[in-house]
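Descriptive structure summary
Spelled out, the chains give:
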Amino acid sequence: MQPRRTALAFAIGLSMAGVAFGQATTGGINGVVAAGSGDSVVIKSSSGVSRTVAVDANGAYSASQLPLGTYTVSLQRNGQVVDSRSNVTLRVGSSTDVSFGASANAENAQNLSGLTVTANALPSIDVTGVDSRTVITSEQLAKLPLARSAEAIALLAPGVVAGSTYFTNATGGSVVSFGGASVTENAYYLNGFNTTDPLSNFGGITLPYGAIDQQEILSGGYGAAYGRSDGGVISQVGKRGTNEWHFGGQVQWTPKDLKSDPKDYYYVNKDGSRGKIRQYRSDNKSSTTTVDAYVGGPLIKDKLFVFAAVEAERQPGRSTGSNVAPYVTHYRYDNPKWYGKLDWNITDSNILEVTGASSKSSYEGSLYSYNYATKTEGAFNSYDTQTKNGADVYTAKFTSYITDDLTASVLYGKMKGTWYSNTPGYDPTYPYLFSAQDQNPALNGGNPITNSQTVATENLPGHRSVSTNLRVDLSYRLGDHTITAGIDNQDVKNIDAGTKFPDAGLGYAWEYNNQGDPDTYVAGGPETGAGWENRPWVKNTGSQPGGETGYYVARYRYHDNASVRVSQRAQYIEDSWQVTDRWLVKLGLRNDQFTNYNAGGKPYLRLTSPQWAPRVGFSWDVNGDSSFKIYGNAGRYYLALPTSVALRAAGSSLYTREFYTYEGIDSNGIPTGLHPIDASVGAGNPFSANGEYGQPRDPKVGSAHNLKSEYQDEYILGFDKKLGDAWVYGAKATYRNLRNAIDDIGDSPSIIAKMNKMGIDPATYDPGLIPGSFLINPGKNTVFSIAKIGGGYYDVPMDWRKDFGFNTTMKRKYYGLDLFLEHPFDGKWFGKVDYLFSRSYGNSEGQVRTDIGQTDVSATVDWDYAQVMDYANGYLSNDRRHQLKAYGSYQITPEWMLSGNMSIASGAPITCLGLYGPDQTNPGLAYTGGYYHFCSGKPFQPGTKRNPWTYRLDLSAEYRPEWAGKKLAFNVMVYNVFDKQTTTQIYALQSSSSFRRPISSQTPRYFRFGVSYDF
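Note that this is a predicted model, so its numbers are computed, not measured. (Residues numbered from 1 in each chain as written. Predicted model: local features only at pLDDT ≥ 70, side-chain atom pairs only at ≥ 80, totals over all residues. Heavy atoms only, no water.)

**Things to note about the state of the cysteines**
Summed over all chains, the structure comprises one disulfide. Cys912 shares a disulfide with Cys935; S-S distance 2.0 Å. Disulfide Cys912-Cys935: the torsion about the S-S bond is 80 degrees, which places it as right-handed. Residue Cys912 is located in the loop between β54 (909-910) and β55 (934-935), and its partner Cys935 is located in strand β55; the two are separated by 23 residues in the primary sequence. Side by side, Cys912 and Cys935 carry an identical accessibility label, which is buried. (Disulfide = S-S within 2.5 Å. Helix = DSSP H or I, 4+ residues; strand = E, 2+ residues; numbered from the N terminus. Buried < 20%, exposed > 50% of the residue type's maximum accessible area, 1.4 Å probe, protein only.)

**Comments concerning the packing of aromatic side chains**
Applying the stated criterion to the full structure yields 51 aromatic pairs. For the ring pair Tyr331 and Tyr333, a centre distance of 5.7 Å and an interplane angle of 70 degrees mean the geometry is edge-to-face. Overall, the relative accessible area of 16% leaves Tyr331 in the buried class. Since its relative accessible area comes to 30%, Tyr333 is described here as partly exposed. Here the aromatic rings of Tyr638 and Tyr711 are separated by 5.2 Å at their centres, their planes lie at 40 degrees, and the arrangement is tilted. A residue pair is termed long-range when its members are at least 10 positions apart, and Tyr638 in strand β38 (residues 628-639) and Tyr711 in strand β43 (residues 710-723) qualify at 73 residues. Both residues of the pair, Tyr638 and Tyr711, belong to the buried class. (Phe/Tyr/Trp six-rings, centres within 6.5 Å; stacked < 30°, edge-to-face > 60°.)

**Observations regarding the nonpolar core**
With 50 residues, the main nonpolar core has Ile751, Met755, Phe784 and Ile786 as its most contacted residues. Going through the elements one at a time, β32 (521-523), β34 (551-578), α6 (748-757), β46 (774-776), β47 (782-787) and β48 (793-798) are the ones with two or more residues in this core. Excluding its chain neighbours within four sequence positions, the residues that come into contact with Ile751 are Phe774, Phe784, Ile786, Val796, Met798 and Phe804. (Core = buried A, V, L, I, M, F, W, Y, C linked by side-chain atoms within 4.5 Å. Contact = heavy atoms within 4.5 Å.)

**Observations concerning the pattern of salt bridges**
Under the counting rule described, the total for this entry stands at 44 salt bridges. In this structure, Asp473 engages Arg471 in a salt bridge whose closest nitrogen and oxygen atoms are separated by 2.8 Å. Since its relative accessible area comes to 12%, Asp473 is described here as buried. Put simply, Arg557 and Glu658 hold a salt bridge, and the shortest N to O gap is 3.4 Å. Linking Arg557 in strand β34 with Glu658 in strand β39 (residues 654-661), this pair joins segments that are 101 residues apart in sequence. The partly exposed category is assigned to Arg557, whose relative accessible area is 26%. Residue Glu658 is classed as buried on the basis of its relative accessible area, which comes to 7%. Members of the salt-bridge network, linked through shared partners, are Arg228, Arg471, Asp473, Asp488, Arg590 and Asp592. (Salt bridge = Lys/Arg side-chain N within 4 Å of Asp/Glu carboxyl O.)

**Some details on the layout of surface pockets**
Put simply, the second largest pocket is a space of about 1,400 Å³. Val268, Lys270, Asp438, Ser992 and Ser993 are, among the 47 residues lining the second largest pocket, the residues nearest its centre. Residue assignment for the lining of the second largest pocket shows that the elements contributing at least two residues are β17 (265-268), β18 (274-279) and α4 (441-444). Ranked by residues supplied to the lining of the second largest pocket, first place goes to β18 with three residues. Here the residues of the lining of the second largest pocket sort into 19 nonpolar, 22 polar and six charged. (1 Å grid on protein atoms, 1.4 Å probe; cavity = no way out; pocket = protein on both sides within 12 Å on 5 of 7 lines; lining within 4 Å. Points joined across faces, edges and corners; volume = space filled by probe spheres on them. Nonpolar A, V, L, I, M, F, W, Y, C, P; charged D, E, K, R; others polar.)

**Overview of the sheet that holds strand β4 (residues 60-67)**
Strand pairing within a sheet occurs via backbone hydrogen bonds; the two strands may be parallel or antiparallel. Spatially, β4-β1-β7 is the arrangement adopted by the three strands of the open sheet, whose pairing is mixed. Each edge of the open sheet is held by one strand with a lone partner, namely β4 and β7 (95-97). In this sheet, adjacent strand axes meet at a mean angle of 20 degrees when their direction is disregarded. (Pairing = 2+ DSSP bridges. Axes fitted to C-alpha atoms, helices over the stretch in contact; angles between N-to-C directions.)

**A short note on a negative patch on the surface**
A cluster of acidic side chains, namely Asp517, Asp519, Glu527 and Asp919, defines a negative patch on the protein surface. Within the element layout of this structure, Asp517 appears in the loop between β31 (509-514) and β32. Using a relative accessible area of 33% as the deciding quantity, one classes Asp517 as partly exposed. (Patch = residues over 30% accessible without salt bridge, like charges linked within 9 Å, V, L, I, M, F, W, Y side chains within 5 Å. Areas by Shrake-Rupley, 256 points an atom, 1.4 Å probe, with all protein chains shown as cover. Lys, Arg positive; Asp, Glu negative; His and termini not counted. Charge placed at Lys NZ, Arg CZ, Asp CG, Glu CD.)

This is the structure in structure tokens:
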């Protein structure tokens, strides 16, 4: 073994000191020095950070937790510089090797002018990394043709797929899925502060695009310092000021006239042929104008720095609604963002960073009538609901390099969210109509009859949120060990949250439906088996006039409201142990505690027993020169429930329907000739299959006694290897197993049946106060508390199979094999190709449900009662068997650059949900619409069929002229060059006339033009 290789591996191991791998905001520098050529190394950044570290007896040195930036590294001997390296750029969460060879010596010290580390030297593989990460730098972002969002950047990483269009983030943007997990199981970070959506975990607050220094995308394997995600992590680090003043700006324009026409959506006939038009979309277009500017520099040279950026995006457009909402909406989105950062180098050993950021989105629109027969726009109808959503973030981080071996950092921040909506000029005359396409065609002439009402429910006007985050991290290097420990505390408040029908309105909506068989009960009934009388039931439509063909209507009422909060605490410890010169082992342990509080400030969930999350990783520097790394990782990751869960699980929600047959439909779409259908609560009375009648929830009866947090185990094994002097290739295998989940069960009749078996006197409790949904761990036997009349509780043990009748337990598993080939930037071009073969299968997608667009976190239809989970096992909604991604750029001439981004993926699984069994009944709680895994009476497991493959190619070109000193640039991007508009999701409920119609398809081709100036 060569001595230099031994020292290099040893130095890299020492460089782990204090580097918080995972959602890090810092990097490190390490290296070796030829024997006798130097005794210390001075590391200084363009933002004034300066550290001097000693060279040890093995010729190794290291410096950790350095702020990102560009550094000059100088080797000193007896206080004089004998060699230097400049333009050393750090990568977040990694350690950069800067070594000095034997040519460095005191004799030629005065003649050295500094050597530049150039990009055409292939960087060493980071042998300190044991996780699955992709880091995209600001230089790459400036070159690649991407939509301007954190999620679009994340899609470059293997295993990340676009979420369903049913789901959007807090500001209306898209969301993504990591490694088969649902879209709410990710975490977002901004300069180390957790900005994940505090309401339901849909996305998070991110930076203005031009202010991103680096974006780290973690799909697994991160260390014990971080948690609260079993999907993936999107972590952004913003830019900072340097000792040179820089400023610039950019204007980008996406004209609607150069956008391709979106394809129209049609209903699908029972024989599979194309039916009537559902939505005319050809004119659904918008233009986008984005203006951004930045400035950064020293307020006091080497001491105090500032960087500030602003971004203003405006998107006016036009959209035609479906035939059941025949309106043209003229709308406008305004999406302002800003970012500011102060960096104060108090001393060489103490640094203070202060960050402020904001991301908002406001919407306003006007609705005009639309005639589908003539495809013409008519008169003004009403104003659309205005919204203003987003958050402001303020953080401070203090880092102290107490000694060469001991580093401490403290981060504290606050995020204040605004979630405002208002409908100007609301007209309360008519009720909203749900599912007008399911009206009886014999009564509407074959076309849905609607009215002018466009508002169903609205948010409470005072809705806001407050999130605070405190982190304390200590890192100590002791010989071959680097011990890191700390706390990670977060509190989230969701204030005046909830939904209601407008105060000035009628307080209800009409919901049309079609049962199909007029002799089958709408809910429950004799065909569901013995004891059906004790379960919720609604009689068949054929029992009343107007229901002879199975059509019925429901008067629908809904509201929920509460101010709730979640407290999350965590402690961790981790040891990075350089076992030998080539073997690095990371041993970590994290303990999470979660407490969810209801509207009364009382905890309804205390998940505070030790939730140990071990993390073990290794890295083997096979050749000892950072040219070939084999690594692996095993870890457990816990996930908390967001605040929105309390609105139904621990609030006072109302969720009822009154069922009727009808003999007519008036000109405003309102059913006439109503005949109430008899139900277990009485004909015409409010019926709630979940028992949600507006009563406040007792926090002691909202969940199972032995409830445990959701957690996932993950295993990773891979390698990275240099190929010649210009390439890196590698492979990685990943296995994920969701070991525990939280969802709700609604089967209170089975609990009553068990209480009868136990001999409990029915007169001693009120069946109406038994919640219609309990939070549970699917697949586990449990105990529920049932309130006694006069005080106290009964403890009712429920066997998962014997009492609830389930024949399956919860399962979600993912495995993937990733292969990549990369050519790092060499001054001319860079590129990466990545292929992933994967499977995501089981019977539970996670916290939400894509196939029906259900956003109720941990309160989905899954597990509500036994029959809905029969034949549920299959390929899950975020499964993509094959994914091929490629991106890169090529500098054709000094002035011209081309870049591209390609994505090819197999289609998502298709789900068919119908009535139960060969007889097509609606047993159990019998939700309207039929959510059973049967299609035309036959079992239909998810993934039996799939949507088609998708193909997309994006290209861009940039011209940066020499005559402007390359400070001025013109660019054009073409998104989806071949204008592929493949359908990506279809409607899943067989009982609806919308069955199999498109829900979403690929974004049509568009052009984006830009002009930028950087000085």
